[in-house]
Amino acid sequence: MSPRIRRLLIVLVAALLPGLVQASPAPASSGDTAALQKVVDGSWRSAANKARDRYRHPVETLQFFGIRPDMTVVELAPAGGWYTEILAPFLREHGHLVEAPSPSPAFMKRMQADPAVFGHFAKVLPFKPPAPVALGAPGSADMVVSFRNTHDWLNRSPEALAAVFKAAYDVLKPGGVFGITEHRAKPFADAQESSKALHRLPEDYLIALGLKTGFRLGGVSEVNANPKDPEDVNVHRLPPDLAGPASEHAAMQAIGESDRMTLRFVKP
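Residues numbered from 1 in each chain as written. Predicted model: local features only at pLDDT ≥ 70, side-chain atom pairs only at ≥ 80, totals over all residues. Heavy atoms only, no water.

## Comments concerning the packing of aromatic side chains
Here's step 1: Taken as a whole and assessed by the stated rule, the structure comprises eleven aromatic pairs.
Here's step 2: On the basis of an interplanar angle of 35° and a centroid distance of 6.4 Å, the ring pair of Phe-65 and Phe-147 is categorised as tilted. Of the two residues, Phe-65 is situated in helix α5 (residues 58-65) and Phe-147 in strand β4 (residues 141-147); the sequence distance between them amounts to 82 residues. Exposure class is identical for Phe-65 and Phe-147. Each is buried.
Here's step 3: Aromatic pair Phe-165 and Phe-265: ring centres 6.0 Å apart, planes at 70°, arrangement edge-to-face. Of this pair, Phe-165 sits in helix α10 (residues 158-171) while Phe-265 sits in strand β7 (residues 260-266); the two residues are 100 residues apart in sequence, bridging distant segments of the chain. Side by side, Phe-165 and Phe-265 carry an identical accessibility label, which is buried. (Phe/Tyr/Trp six-rings, centres within 6.5 Å; stacked < 30°, edge-to-face > 60°. Helix = DSSP H or I, 4+ residues; strand = E, 2+ residues; numbered from the N terminus. Buried < 20%, exposed > 50% of the residue type's maximum accessible area, 1.4 Å probe, protein only.)

Below, the structure is given as structure tokens:
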């Protein structure tokens, strides 16, 4: 989808739902930016993970969400810990990182073996929606983040994804941020069909769900956009997985990683 169409979508949301779209926060301080960059450049990150920075843009993404080193941040479905190895060191001295659920056993072992880099989690929570979902005491977190997970919960059921949004809303303080990146489907595609077939969601679907939950739309960023992505291929055929036949790998590598939306929701 072109940036022009995306901007029109956001304008349409603002026009139809006045009061639910609010301005972006002030830019991160130079100190926070430098601290983020230092962590992203950290020697503990593998070369393979650093190679993906040009597609995942961790500094710009976390800046857009408005992260600060003194926050309590809940990371949803951290899996192999790609973002955890950035978040944990960044929050180690002054903030708290809550994982829901635990990262992979291999990554947990890494973290436990190097507390000087990763510190200690404030908490690890069970998290398997649509089972009862709680991310902490109401109003106890400054930020909840989800990186390319929302389609997985929708693949369980629409109720599971709605429960995730509600849990994020409940745990956040007023003014708290729910930051999301997700593989983007074509605009106004059928969300459940696209999610199951392609592991992609339409941007309008997630925005509507956030507003329905009670969030305001704090901003939409194109930092993780990829205009080369036709948005009609299963994301696992693209890098880094290249799960399709070898004959298409060169074409998929030329596209790069998936086109992604980056959304910031704010609790009023």
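That was the structure; now back to the text.
## Section: the packing of α10 against helix α12 (residues 203-213)
Here's step 1: Between α10 and α12, the least distance of the axes is 10 Å, while the angle of their chain directions is 50°. Viewed along their axes, α10 and α12 adopt a mutual orientation that is oblique. Between α10 and α12 lies a crossing whose hand is right-handed. Note on element contacts: α12 touches α10 through Tyr-205, Leu-206, Leu-209, Gly-210 and Thr-213, opposite Leu-161, Ala-162, Phe-165, Lys-166 and Tyr-169. (Axes fitted to C-alpha atoms, helices over the stretch in contact; angles between N-to-C directions. Parallel < 35°, antiparallel > 145°, perpendicular 65-115°, else oblique. Left-handed = near helix turned anticlockwise from the far one by under 90°. Contact = heavy atoms within 4.5 Å.)

## Focus on the sheet that holds β7
Here's step 1: The strand order across the open sheet formed by seven strands is β3-β2-β1-β4-β5-β7-β6, and the pairing between neighbours is mixed. Among the strands making up the open sheet, the edge pair consists of β3 (123-124) and β6 (216-221).
Here's step 2: Both strand β2 (residues 96-100) and β3 contribute to a ladder of two bridges, which runs parallel. Note that in β3 the partner of Glu-99 across the bridge is Val-124.
Here's step 3: Contacting β4, β5 (172-183), β6 and β7, α5 runs over the sheet at an angle of about 25° to β7.
Here's step 4: Contacts from α10 reach β1 (72-76), β4, β5 and β7 within the one sheet, and its direction differs from that of β5 by about 150°. (Pairing = 2+ DSSP bridges.)

## Brief notes about unusual backbone geometry
Here's step 1: The residue after Pro-129, namely Pro-130, is reached through a cis peptide bond having omega 15°.
Here's step 2: Here Pro-130 lies in the loop between β3 and β4.
Here's step 3: Across the junction of Pro-239 and Pro-240, the peptide omega takes the value 5°, indicating a cis bond.
Here's step 4: Among the structural elements, Pro-240 can be located in the loop between β6 and α13 (249-255).
Here's step 5: With a phi angle near 45°, His-57 is a residue other than glycine that sits in the positive phi range.
Here's step 6: Mapped onto the elements, His-57 comes out in the loop between α4 (53-56) and α5.
Here's step 7: Even without being a glycine, Glu-231 presents a positive backbone phi close to 65°.

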